[in-house]
Structures are given as C-alpha cells and as structure tokens.
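# Working through the structure, step by step
The primary structure of each chain is shown beneath.
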Amino acid sequence: MQLAHTLTAVARRNITMMKRYLFNTVSALISVYMVFCLAFFGMKAFAAASASRALDGTFEGTIVGFFVWTLAIFGYSGLSWELINEAQTGTLEQLYLSPAGFKWVCTFNLMVDFLVNVAAAVVFLFAMMATTGRWLNLDVASIAPLLIVTVLGAYGAGFALGGLALVFKRIQAFFQIVQFAFIGCLVIPWRIPWARFLPLSMGNGLIYRVMAEGKRLWELPAADVLTALAVGAAYLAVGLAVFSTCERAAKARGLLGHY
Amino acid sequence: MEHHDGIALEVDQLKKVFRDRGTREVRAVDGISFRVAPGEVVGLLGPNGAGKTTTIKCILGLIRPTSGRVAILGRDVASHYPGILSQVSAVLEGSRNLYWRMSVWENIEFFTGIHGLPRRQHRRYFEHLVERFGLADKRDVEVRKLSQGMKQKTAVVCALAKRTPLVFLDEPTLGLDVETSYELRETLKDLAEEENRTVVLSSHNMDVVQDVCKRVIIMTAGRVVADDSIEHLMGLFKTRAYRLVLRGPAPEGLEAGLAAHFPGLEVQSTPHMTQVRLRLPEPNDIYMLMDLLRDAGATIEEISQEEPDLEKIFLEIVRKERENQCNSRIP
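Analysis parameters
- Residues numbered from 1 in each chain as written.
- Chains lettered and ligands numbered in written order.
- Predicted model: local features only at pLDDT ≥ 70, side-chain atom pairs only at ≥ 80, totals over all residues.
- Helix = DSSP H or I, 4+ residues; strand = E, 2+ residues; numbered from the N terminus.
- Buried ≥ 20, exposed ≤ 12 C-beta atoms within 10 Å, placed from the backbone.
- Rg over C-alpha atoms; globule rule 2.2 N^0.38 Å.
- Contact = placed C-beta atoms within 7 Å.
- Pairing = 2+ DSSP bridges.
- Axes fitted to C-alpha atoms, helices over the stretch in contact; angles between N-to-C directions.
- Domains from an automatic or database assignment.
- Nonpolar A, V, L, I, M, F, W, Y, C, P; charged D, E, K, R; others polar.
- Arc of directions from axis to C-beta.

With that settled, consider the overall build of chain B. The helix and strand inventory of chain B stands at 10 helices and 14 strands. C-alpha extents for chain B along the principal axes are approximately 75 × 50 × 40 Å. The buried share of chain B, reckoned over its 331 residues, is 42%.

So this is what it looks like as structure tokens:
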C-alpha cells in the first residue's frame, strides 16, 4: 500500500509540474517538430532536384527514427535533468528520505514520465505523418513492446548521466554528446553486425519493419527481438550500475545536497 | 504519538571523515555519542563547521558515516534502511525542501505521499497544521509566491505532516526576521508539547534553542563538548557569574590580582566607581574573591549574580574548548 501512495504522489506531482511548465513541454515538442520539418523538406528538395526515387523509403525511416529519437531523448534527459534540478532546488534529499527508497521514487517517476512522453510522441508522430502525407502502420500491440525494449538503452544512459550528475553536478556538455550519439545509433543501418549492439539501433529497425513494412511482432525474427531486448537490458543494467556507484560516492562524499 | 519504550535516537561513536582529493582529512564528525529519549526536544548547537548538519545527515543516511552506529527507536539504521525512514522526517536547509512551482497543499500531499501516507486519511491533520502555522489562506498559493517566512513554515509543515515520532529540524529559522522566527518557534514549542514528539533542532539562533528545547548538545570541531539540560547549564553558570560594583576607581593591583584567579574578567573603572564582571571557577572561590577585594582595599557597593543566557554559555564553552585544543597542540 505504501508503494501505491508513493506512485500516486509521484504521478500527481509530475502532472502538476507538467501543467505549471506547460510552455516548456509544448516548446520542446515544437522544436523537435521543426527539426523534423527541416530534415524532411531538405530531403524532399534533394530528391526533387536529383529526380530520383532513391529516397522513397527513407521518408518512412525518418519518421520512425524521429519518433524513437524523441522518446529516447525525452526519456534519458528527463531522468538526468530531473536529478540535477532536484539537487538544485534542494528536494533531492527529501526524495531520499522516502521510506520506500529513492529507487522506487525514481522508478515511479520514470513510469509516469514514460506514459506522458509516449502521449507526446504519438501527437508528434501524427504531426509528422500529416506533414509528409505518409501514413504508417500503427499496430499498437506490436509497437508498444518494441518501443519499451528500444528505450531501455536510453533510460540506461539516463541513469548513468543522472549518477554522474549526483557527483559532478555540471554535466550539461555530456547531454549534447549523448543526443548526437543517439542520432548516430539510429542512422547506422542495424543490419551491420556490430550496429546491433548499439543502443536504440536494433529496436528502431524492428519498429521500422512494423510501421513501414506492416509486419506484426510475431512475424519478426525471434532472434532479432531477443537481441534488441538483451541489448536494451544490458545498457539499462550498466546505467543502473553506474548510478549505484555514483550514488554511493555521493553519499560517502556528502554531495547529495550540493548543486 | 507512538514511541519506543527505550530510546528514540541513539548515536554511538559516529565519525565522518571527508578526504580532500585523497590527501587532506577533514574530521567533520569525530566519534560523537549521545542518546535522545522519547518525547525529548533537544537542541544541537555549534559554530559554523561544527558538524551539526553532517551529524543529522549521517543519522538520516544521506551521508555515509566513516564509522559508528545510529539506532532509531531501537532499530539499527544501516540494517533497516530505508524502511526505518518511516519513523523520521526532516527539514534540511529550510525553504529549499519544497517545489516552488507547487502550492503549499500540493507540497504537503506530495511529501506525505512519498512517505506512504494516504492523503485522504490524513487530510484533517494537514488542515490542522496549515491552520496552526498561519498558512490557511495561502494553502493553494504556489510556494514561489510566498514570503521567506511562509516558505520556511511550509517546509516545517511538510515535515510534521508525515506524523513521524522523530523530527529533525536543521536551521528551521534561518533567514527569518525576528517576528516570524518568534512565531515559528512558539508554534514549534506548542506542537512539540502537544504531540509529544522527539525533536532534534539544530540552529545558530540561541533564542530558538533556549525557548524550544529542554536539553542542548553543543558541538565544536566535530565533537560534543557539552550535553546537558538547558536548565542545569543555566544554573551552573548562574551560580558562578558575578557582577560587582566597587566605590571609586579600581585599587592598584586589583585587576592583575583577580585576573590570576578568575577567567573572563572584565574591569571597567571610572573615578567614581568600578564595575567588575567575573566567573568563579569553583563555587567556594567566592571566599577567595572576598579576601582579594579586602586585601586590595576595595569597598563593595553592590554584588549580584549575572543572569546568563544560552548565548553566553555557548560562547564560554566553545571558547574553553578552543583554548583546550590550542593547549593540547603545544608540545
């Protein structure tokens, strides 16, 4: 029951804060949409100029890639930014005083944020499809599990950066690097053997096959799905291990309340 | 309020050493021990850097101690963490414990929620606290729009609303004006008595500690240098601090003669009168004082016991401790 009250409290806080920072939430979505428009219209102009149909499949890939990238960025940056902000506002130590344990407060926060992020990303997805005129297959039963598996790696990165933020406080420069690294992971074709082990890469490829090629989850090669799951879980485990190590260091050095 | 029969808080040989880049050692808390009984309101006093906040954070598990043991309501904190936190609440650094973009009420509901309290069940108590702290008409106002005093009060309410038997208040009146500080400490004092909670209050403000607490633990340089009831400390200093008024200017050699025996001597002399303030190291030293005055040919016009306050006691204890430390360093 205690955990249920903790979950309710976290959900209510997140929704309240989202409403209070509505401008920030909306502007984040608009800015990602504008980046997408630049990429899409740029590619379209290039295709028209070269009178080629070589980029035909790429438009769908771009939509799927942006959709996954948005969720990944919102997920990882939401977690690490939150830890930085909580330390700055002085509420981080109060969260650590929860009898449920900080890990549960953090997990519930991630769950609630993930649902909110999915809702925002779906709005963004429809905006992309409307802009491009390419309507993709939205098989929720197939996409939802693949999406979770795919963003696990992003949350792993979020935990790792969050942990580093506990110790080093100012790690904003890292954010940009990871953001671009994620783009790299999505752009590199996942059929290249080593690319399968990059975060997001394999999952993004599988989501593409569902959304652009109309495949169902059970029609996908089981080995590919399991690889995506194992890679996501591995990155999450590494992220959690980094977070745990940093948390211990922060407690030993008395850094939790610093900012 | 539910209480363990024995001891509410037990700190045993607690030590925290910070290492500066692996070389220089800073002993923030240097093997301190103390116990707090259920329902007791204890003040933790000390100059800046004395180790008060580090001690509180070590007790709460926010800082990992180098060694030592902490038990809350008889249960070892390290082996019952974080579940043991259900018995504890804390205000750390005042208003920095709140979400400024959320209202007073939303903050209360959130922090009690993550403490595992169902909000509907405790709604009346939250309302009672909001009323007691004069926040009723501000309960739906975002914290950022409140004055510093109101923010501090909200932080205290959020801690008390968790209904824990043990409450830590680290500098709850920091940055408050005299009136708000007085108001806050009066409410704290009343609530501590009414609800019989165990409170550990750390503050630089002596008036707050003197007014709210029954017992004080004085820390300096990471060590406990005094641990006594405020009443006893006052009595101890009261019986030994004297003010004398002598007729005419100070007789020759009197000041030097007194200084050799009495610490903290102050002599102010005018052509018409001399005022002497001193403290007797031992109660029987009053006879020696009288002998010295008679031998110097002084005429006593007035003699009175000084009324000590906690600030004077604190300064005296800290001064003494520093002197001892200096002496111990001289080979």
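Helix and strand content of chain A: 9 helices and 0 strands. Overall, chain A shows an N-to-C arrangement of helices and strands of α-α-α-α-α-α-α-α-α. In summary, chain A has a C-alpha radius of gyration of 19 Å against a globular reference of 18 Å for 259 residues, a match within 12%. In terms of overall dimensions, chain A has a C-alpha envelope of 60 × 40 × 35 Å along the principal axes. Within chain A, the proportion of its 259 residues that are buried is 39%. For chain A, long-range pairs separated by at least 24 residues make up 80% of all intrachain contacts whose partners lie at least 6 apart in sequence.

This brings us to the pairing of strand S8 (residues 198-202) of chain B. Residues and elements named next belong to chain B. Counting buried positions along S8 yields 5 of 5 residues, so the element is predominantly enclosed. Of the two faces of S8, the one lined by Thr 198, Val 200 and Ser 202 and the one lined by Val 199 and Leu 201 are each fully buried. Judged from the 4 bridges that link them, strand S3 (residues 41-45) and S8 form a sheet pairing that is parallel. For Gly 43, the partnering residue across the bridge sits in S8 and is Leu 201. Direction of pairing for strand S7 (residues 166-170) relative to S8: parallel, over a ladder of 5 bridges.

Attention now goes to the sheet that holds strand S12 (residues 266-269) of chain B. Residue and element names in this part refer to chain B. Overall, antiparallel pairing links the 4 strands, which are arranged S12-S13-S11-S14 in an open sheet. Strand pairing shows two members of the sheet lacking a second neighbour, S12 and strand S14 (300-305), which therefore form its edges. Mean inter-strand twist for the sheet, computed between neighbouring axes without regard to direction, equals 10 degrees. Relative to strand S13 (residues 273-279), strand S11 (residues 241-247) runs antiparallel, the two being bridged by 7 bridges. From the neighbouring strand, Tyr 242 faces S13, where its bridge partner is Leu 278.

Our focus in this paragraph is the domain arrangement of chain B. All names here are of chain B. Annotation of chain B at the domain level lists domain 1 (9-228) and domain 2 (239-331). Between domain 1 and domain 2, the C-alpha centre-to-centre distance is 39 Å. Across the boundary between the two partners, domain 1 contributes 10 residues, which contact 8 residues of domain 2. Looking at the side of domain 1 that touches domain 2, the element that brings in the most residues is helix H6 (residues 206-212), giving 3 residues. Each residue belonging to the side of domain 1 that touches domain 2 can be placed in one class, and the counts come to 8 nonpolar, 2 polar and no charged.

All names here are of chain A. Considering the arrangement of structural elements, one finds Val 112 in helix H5 (residues 102-132). In this structure, the C-alpha to C-alpha distance between Val 112 and Val 10, residues 102 residues apart in sequence, is 7.8 Å. Ignoring any residue separated from it by four or fewer positions in sequence, one finds Val 112 in contact with Val 10, Ala 11 and Asn 14.

Here the focus is the sheet that holds strand S5 (residues 75-76) of chain B. Within a sheet, neighbouring strands are paired by backbone hydrogen bonds and run either parallel or antiparallel to one another. Residue and element names in this part refer to chain B. Spatially, S2-S1-S4-S5 is the arrangement adopted by the 4 strands of the open sheet, whose pairing is antiparallel. Strands with a single pairing partner mark the edges of an open sheet, and in this sheet they are strand S2 (24-36) and S5. In this structure, strand S4 (residues 67-72) lies alongside S5, joined through 2 bridges in antiparallel fashion. Residue pairing across strands places Ile 72 opposite Arg 75, the latter belonging to S5.

On to the interface of chain A and chain B. Facing the 30 residues of chain A at the interface are 31 residues of chain B. Mapped by element, the contributors of at least two residues to the side of chain A that touches chain B are helix H1 (2-20), helix H4 (92-96) and helix H9 (222-252) of chain A. Looking at which element gives the most residues to the side of chain A that touches chain B, the answer is H1 of chain A, with 11 residues. Residue composition of the side of chain A that touches chain B, grouped by class: 11 nonpolar, 13 polar and 6 charged.

All right, on to helix H3 (residues 123-132) of chain B then. Because each turn of an α-helix spans 3.6 residues, side chains separated by three or four positions end up pointing in the same direction. All names here are of chain B. Among all positions of H3, only Phe 126, Leu 129 and Val 130 are buried. Projection of H3 onto a plane perpendicular to its axis shows the buried side chains occupying an angular sector of 100 degrees, all on one side. Residues Arg 124 and Glu 131 are exposed on H3 and point more than 90 degrees away from its buried face. Buried-residue contacts for H3 involve helix H2 (104-113) and helix H4 (148-160).

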